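What follows is each chain in one-letter form.
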Amino acid sequence: NSIRHDNQTGRWLSTFMARWHPGTFSDQEMFVVGSMQQPRTIEIFGGDCELMREIRGDALTAVASRCCFHPNANKPIVIGGNSSGRLTVAR
């Protein structure tokens, strides 16, 4: 499977890195990756490459080029970081 994803971050941003959910939170595999979309967005995809959820909000002010799941949570907690070192936590 493949996903159409705008990953042209340009010269000043870190490249995107998708991360798989590390545990067995549900019976479905999932991974998280940042996005160039406006308003700024973090995307969660299922193992079948279908978009499961988009995370947006006032706290997400820059491109989150590095994203991951919290490894020890009972529900998905996503952390997104930008090139300046700012982190956004979404529950």
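From a predicted model like this one, the values you see are computed outputs, not experimental measurements. (Residues numbered from 1 in each chain as written. Predicted model: local features only at pLDDT ≥ 70, side-chain atom pairs only at ≥ 80, totals over all residues. Heavy atoms only, no water.)

Engineer: Help me understand the sheet that holds strand E7 (residues 87-90), please; the structure alone is not making it clear to me.
Structural biologist: Within a beta sheet, neighbouring strands are joined by backbone hydrogen bonds and run either parallel or antiparallel to one another. Read from one edge of the open sheet, 3 strands run E5-E6-E7, paired in antiparallel fashion. If you trace the sheet from one side to the other, it starts and ends with strand E5 (66-69) and E7, each paired once. Between one strand and the next, the sheet's axes are offset by a mean angle of 15°, whatever the strand orientation. Here strand E6 (residues 78-81) pairs with E7 via 4 bridges, running antiparallel. For glycine 80, the partnering residue across the bridge sits in E7 and is threonine 88. (Pairing = 2+ DSSP bridges. Helix = DSSP H or I, 4+ residues; strand = E, 2+ residues; numbered from the N terminus. Axes fitted to C-alpha atoms, helices over the stretch in contact; angles between N-to-C directions.)

Engineer: How should I be thinking about the pattern of salt bridges in this particular structure?
Structural biologist: When the charged atoms of two side chains with opposite charge come close together, those side chains can pair. Evaluated as defined, the whole model comprises 1 salt bridge. A salt bridge links glutamate 54 to arginine 56, with the nearest nitrogen and oxygen atoms 3.2 Å apart. Assessed through its relative accessible area of 32%, glutamate 54 is described here as partly exposed. (Salt bridge = Lys/Arg side-chain N within 4 Å of Asp/Glu carboxyl O. Buried < 20%, exposed > 50% of the residue type's maximum accessible area, 1.4 Å probe, protein only.)

Engineer: Is there a simple way to think about the environment of arginine 86 in this case?
Structural biologist: Tracing the backbone through its elements, the reader meets arginine 86 in the loop between E6 and E7. In this structure arginine 86 comes out as partly exposed when scored by relative accessible area, which is 45%. In this structure, the C-alpha to C-alpha distance between arginine 86 and glycine 23, residues 63 residues apart in sequence, is 25 Å. For arginine 86, the contacting residues outside a window of four places in its chain are Ala59, Thr61, Gly80 and Gly81. (Contact = heavy atoms within 4.5 Å.)

Engineer: Any chance you could explain the packing of aromatic side chains here in plain terms?
Structural biologist: One pair of aromatic rings is described through two measures. These are the centre distance and the angle between the planes. Overall, the coordinates contain 2 aromatic pairs when judged by the stated rule. Ring plane angle 20° and centroid distance 5.4 Å describe the contact between phenylalanine 31 and phenylalanine 45, whose orientation is recorded as stacked. Placement of phenylalanine 31 in strand E2 (residues 30-35) and of phenylalanine 45 in strand E3 (residues 41-46) is noted, with a sequence separation of 14 residues between them. Note on accessibility: phenylalanine 31 and phenylalanine 45 belong to one class, buried. Counting every residue linked through ring pairs, the aromatic cluster contains Trp20, Phe31 and Phe45. (Phe/Tyr/Trp six-rings, centres within 6.5 Å; stacked < 30°, edge-to-face > 60°.)

The quantities given are spatial measurements derived from coordinates; they are silent on function.
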